[in-house]
Amino acid sequence: MKKRLHKLLSKIAWVCLLSAAFAVGGILPVLAEKTTEQKLEQTNETIGQLQEKSKEAKAKLDAAKKEEGTISRKLEELNAQLLEVRNELEDVEAKILKKNEEIETARQEADQMEETRVKSYEAMKVRIRFMYENSDSSMLDSFLGARSMSEFLNRIEYFSQVVAYDRQQLTNYENLLTDIQEKQTALAEQKAELLTLKQQQEQQSQKLTALVADTRKQLEIAGVETAEAKDALNDLNQKLDAQENYQAVLEAQLAYEEQLEAQKAAEDRARMEEIKRQEEELRKKREEEARRRAEEEERRRQEAEAGGETTDEGTEDETGAGLAATAEELELLACIIQCEAEGEPYIGKLAVGSVVLNRVESSSFPNTIMGVIYQDGQFSPVASGRMAARLAAGANSECRQAAQEVLNGNITVPYLYFRRDNGTIDGYVIAHHVFY
């Protein structure tokens with residue numbers, strides 16, 4: 001007895017340690033809700049949802065990257081255009097400076113030419129005045145003073161050439177001045193054209209500068225959107241990795257539980273005769289208990305009649321006297337019911353609790369709720385750790401109610417075993433369980 005008690009206490013300590021580990025590791029809120037199979041189904045569904053969201057996030061990230069690339073290329077093109085316009089603007093400004101120099105040179109040439117023209121004009125006026133004042137006598141004296149006809153003709157020719165030269169020089173200067181003035185006008189027009197071109201290029205440069213600034217803002221926004229999409233995808237991938245890791249844990253846990261179930265089912269099939277003997281023993285024990293209670297009631301009735309006393313019939317609970325249990329035993333029973341039958345109907349929960357109490361009453365099993373639940377190789381949630389997690393979280397109200405009802409004597413099935421119904425065991429089927 002002491003050895004069994006020590007063994008049970010060791011199991012309790014192991015359960016508490018495992019519960020604390022689950023609670024610290026953050027596993028408890030997940031393990032404490034559903035059976036392993038239900039949790040695996042839910043995890044598979046969650047993985048599918050996360051994979052779909054991950055695809056959407058990947059598509060969104062690709063679209064954001066594409067948009068960012070498009071804006072980046074647009075910015076490069078605008079910067080190239082802006083650089084070209086600025087280079088052209090610098091070239092126009094250089095041409096304007098050169099044109100200003102040409103205009104200044106032409107102006108100086110025109111001033112010099114005008115000065116020369118004025119001097120020539122003044123000299124010509126002096127000669128004309130001299131010729132006019134001396135009139136015919138001076139020229140005549142000059143002509144008559146010739147010693148020969150040839151000299152006479154030469155003097156006439158000389159005066160004619162002087163007058164013609166003066167006139168030609170004046171005409172040349174006036175023509176040259178006109179050319180210079182026309183050149184100045186052309187240079188001024190060219191400068192005006194260059195100034196207009198400069199103004200247009202400055203306007204284009206301002207427009208391109210504004211576009212570049214706006215595109216840079218768009219690129220910054222696109223960069224932020226890309227970063228957010230990347231973060232969202234990374235977050236989803238991390239969640240997906242966590243769920244896949246958890247899926248692997250659940251699959252291993254489910255495989256282990258199924259292995260235990262298969263092992264226990266094989267063991268049960270191999271010892272069906274022993275099971276029948278245990279059931280028969282339990283039946284006889286209950287019949288003997290019922291007979292004993294009936295005899296005790298008859299004895300009390302006879303004693304009461306002999307003493308002239310009256311008795312109230314039917315005051316005793318016909319469903320059974322029930323089992324006195326501590327709060328800890330009630331919680332243990334409620335937790336194993338939830339671990340084994342959380343997704344089952346209420347009648348299935350009562351049946352699981354009934355199996356536990358049937359074993360307590362059977363001589364083939366431990367005679368306490370704790371001993372039955374923690375008996376080696378009997379309940380897979382104990383071996384897999386789900387029982388420890390459930391004890392740490394506490395049973396729900398429905399499972400606690402079922403446990404209390406069974407403890408009060410509502411034993412709904414006479415069986416000592418139950419398994420997940422896979423069609424290989426004959427017995428009494430309730431929802432997903434077969435009782436035998």
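Residues numbered from 1 in each chain as written. Predicted model: local features only at pLDDT ≥ 70, side-chain atom pairs only at ≥ 80, totals over all residues. Heavy atoms only, no water.

So what exactly am I meant to see when it comes to the pattern of salt bridges here?
Two side chains carrying opposite charge are able to pair once their charged atoms lie near each other. With the rule as written, the count across this model stands at 19 salt bridges. For the salt bridge of Asp 235 with Lys 239, the shortest nitrogen-to-oxygen distance reads 3.4 Å. In this pair, Asp 235 and Lys 239 are both assigned in helix 4 (residues 149-270), 4 residues apart and thus about one turn of the helix distant. With a closest N to O distance of 2.2 Å, Arg 291 and Glu 288 form a salt bridge. With Arg 291 and Glu 288 both in helix 5 (residues 272-306), this residue pair falls 3 residues apart, about one helical turn. For Glu 288, a relative accessible area of 39% puts it in the partly exposed group. Bridged by salt links that share partners, the residues Glu 296, Arg 299, Arg 300 and Glu 303 form one connected network. (Salt bridge = Lys/Arg side-chain N within 4 Å of Asp/Glu carboxyl O. Helix = DSSP H or I, 4+ residues; strand = E, 2+ residues; numbered from the N terminus. Buried < 20%, exposed > 50% of the residue type's maximum accessible area, 1.4 Å probe, protein only.)

How should I be thinking about the nonpolar core in this particular structure?
What tends to happen in soluble globular proteins is that the nonpolar side chains get buried as a cluster. Counting 41 residues, the largest nonpolar core has Ile 336, Ile 373 and Met 387 as its most contacted members. Contributions of two or more residues to this core are made by helix 6 (327-341), helix 7 (346-361), helix 8 (369-373), helix 11 (397-407) and strand 3 (433-435). Of all the elements, helix 6 adds the most residues to this core, at 9 residues. Discounting chain neighbours no more than four positions away, the residues touching Ile 373 are Leu 332, Leu 333, Ile 336, Val 356, Phe 379, Val 382 and Met 387. (Core = buried A, V, L, I, M, F, W, Y, C linked by side-chain atoms within 4.5 Å. Contact = heavy atoms within 4.5 Å.)

Any chance you could explain the packing of helix 6 against helix 11 here in plain terms?
When two helices pack together, their arrangement is given by the angle between their axes and by how far apart the axes lie. Where helix 6 contacts helix 11, the axes come no closer than 8 Å and their chain directions differ by 120°. By the angle between their axes, helix 6 is oblique relative to helix 11. With respect to the hand of their crossing, helix 6 and helix 11 are arranged in right-handed fashion. Residues Leu 330, Glu 331, Leu 333, Ala 334, Ile 337 and Gln 338 of helix 6 pack against Cys 399, Arg 400, Ala 402, Ala 403, Gln 404 and Leu 407 of helix 11. A per-class count over the contact of helix 6 with helix 11 returns 8 nonpolar, 2 polar and 2 charged. (Axes fitted to C-alpha atoms, helices over the stretch in contact; angles between N-to-C directions. Parallel < 35°, antiparallel > 145°, perpendicular 65-115°, else oblique. Left-handed = near helix turned anticlockwise from the far one by under 90°. Nonpolar A, V, L, I, M, F, W, Y, C, P; charged D, E, K, R; others polar.)

What is the right way to look at the environment of Lys 55 in this model?
Mapping Lys 55 onto the fold places it in helix 3 (residues 36-144). Distance in space between the C-alpha atoms of Lys 55 and Leu 236 is 9.8 Å, their sequence separation being 181 residues.

I tried to follow the side chain of Ser 380 on my own but got confused; where do I start?
Following the sequence through the fold, Ser 380 ends up in helix 9 (residues 380-384). Given a relative accessible area of 3%, Ser 380 falls into the buried group. The residues touching Ser 380, leaving out its near neighbours within four places in the chain, are Glu 257, Leu 260, Glu 261, Lys 264 and Glu 340.

Which parts of the structure should I look at to understand the packing of helix 7 against helix 11?
Relative to each other, helix 7 and helix 11 sit at 50°, their axes nearing to 9 Å. Put simply, helix 7 runs oblique to helix 11. In terms of crossing hand, the pair formed by helix 7 and helix 11 is right-handed. Of the residues in helix 11, those touching helix 7 at Tyr 346, Lys 349, Leu 350, Gly 353, Ser 354 and Leu 357 are Glu 398, Cys 399, Gln 401, Ala 402, Glu 405, Val 406 and Leu 407.

How should helix 7 be read in this particular structure?
In an α-helix, one full turn covers 3.6 residues, which means residues spaced three or four apart are oriented alike. Spanning 16 residues, helix 7 covers 23 Å between terminal C-alpha atoms, matching the ideal 22 Å at 1.5 Å per step. Extensive coverage of helix 7 is indicated by the burial of 13 of its 16 residues. (Expected span 1.5 Å × (residues − 1).)

Sorry, what's going on with the packing of aromatic side chains here?
The geometry of two aromatic rings is summed up by the distance between their centres and the angle between their planes. One pass over the structure, following the stated rule, counts 5 aromatic pairs. Note on Tyr 417 and Tyr 436: the rings are 5.8 Å apart at their centroids and 15° apart in plane angle, and the pair reads as stacked. Of this pair, Tyr 417 sits in the loop between helix 11 and strand 1 (418-420) while Tyr 436 sits in the segment after strand 3; the two residues are 19 residues apart in sequence, bridging distant segments of the chain. Pair check on accessibility: Tyr 417 and Tyr 436 agree, each one buried. Taken together, the ring pairs connect Phe 365, Tyr 417 and Tyr 436 into an aromatic cluster. (Phe/Tyr/Trp six-rings, centres within 6.5 Å; stacked < 30°, edge-to-face > 60°.)

Would you take a moment to explain the state of the cysteines for this structure?
In a disulfide, the sulfur atoms of two cysteines are covalently bonded to one another. A full pass over the atoms with the stated rule returns 0 disulfides. Here Cys 335 stays unpaired: no disulfide links it, and the sulfur of Cys 339, its closest cysteine neighbor, is 6.5 Å away. Relative accessible area serves as the criterion here: at 0%, Cys 335 is assigned to the buried category. Taking relative accessible area as the criterion, Cys 339 reaches 5% and is therefore assigned buried. (Disulfide = S-S within 2.5 Å.)

Got a minute to help me understand empty space enclosed by the protein in this structure?
To find the voids left in a structure, one rolls a probe of water-molecule size over its atoms. Under the defined criterion, the tally for this structure stands at 2 cavities of 30 Å³ or more. Its volume calculated, the largest cavity comes out at about 50 Å³. Considering the residues around the largest cavity, the lining is formed by Glu 261, Lys 264, Glu 340, Arg 359, Gln 378, Phe 379, Phe 418 and Arg 419. Going through the elements one at a time, helix 4 and strand 1 are the ones with two or more residues in the lining of the largest cavity. Partitioning the lining of the largest cavity into residue classes produces 2 nonpolar, 1 polar and 5 charged. (1 Å grid on protein atoms, 1.4 Å probe; cavity = no way out; pocket = protein on both sides within 12 Å on 5 of 7 lines; lining within 4 Å. Points joined across faces, edges and corners; volume = space filled by probe spheres on them.)

I would appreciate a short explanation of a negative patch on the surface in the present structure.
Where like charges cluster on the molecular surface, the negative patch consists of Glu 67, Glu 225, Glu 228 and Asp 231. Broken down by element, the negative patch gets its largest block of residues, 3 residues, from helix 4. (Patch = residues over 30% accessible without salt bridge, like charges linked within 9 Å, V, L, I, M, F, W, Y side chains within 5 Å. Areas by Shrake-Rupley, 256 points an atom, 1.4 Å probe, with all protein chains shown as cover. Lys, Arg positive; Asp, Glu negative; His and termini not counted. Charge placed at Lys NZ, Arg CZ, Asp CG, Glu CD.)

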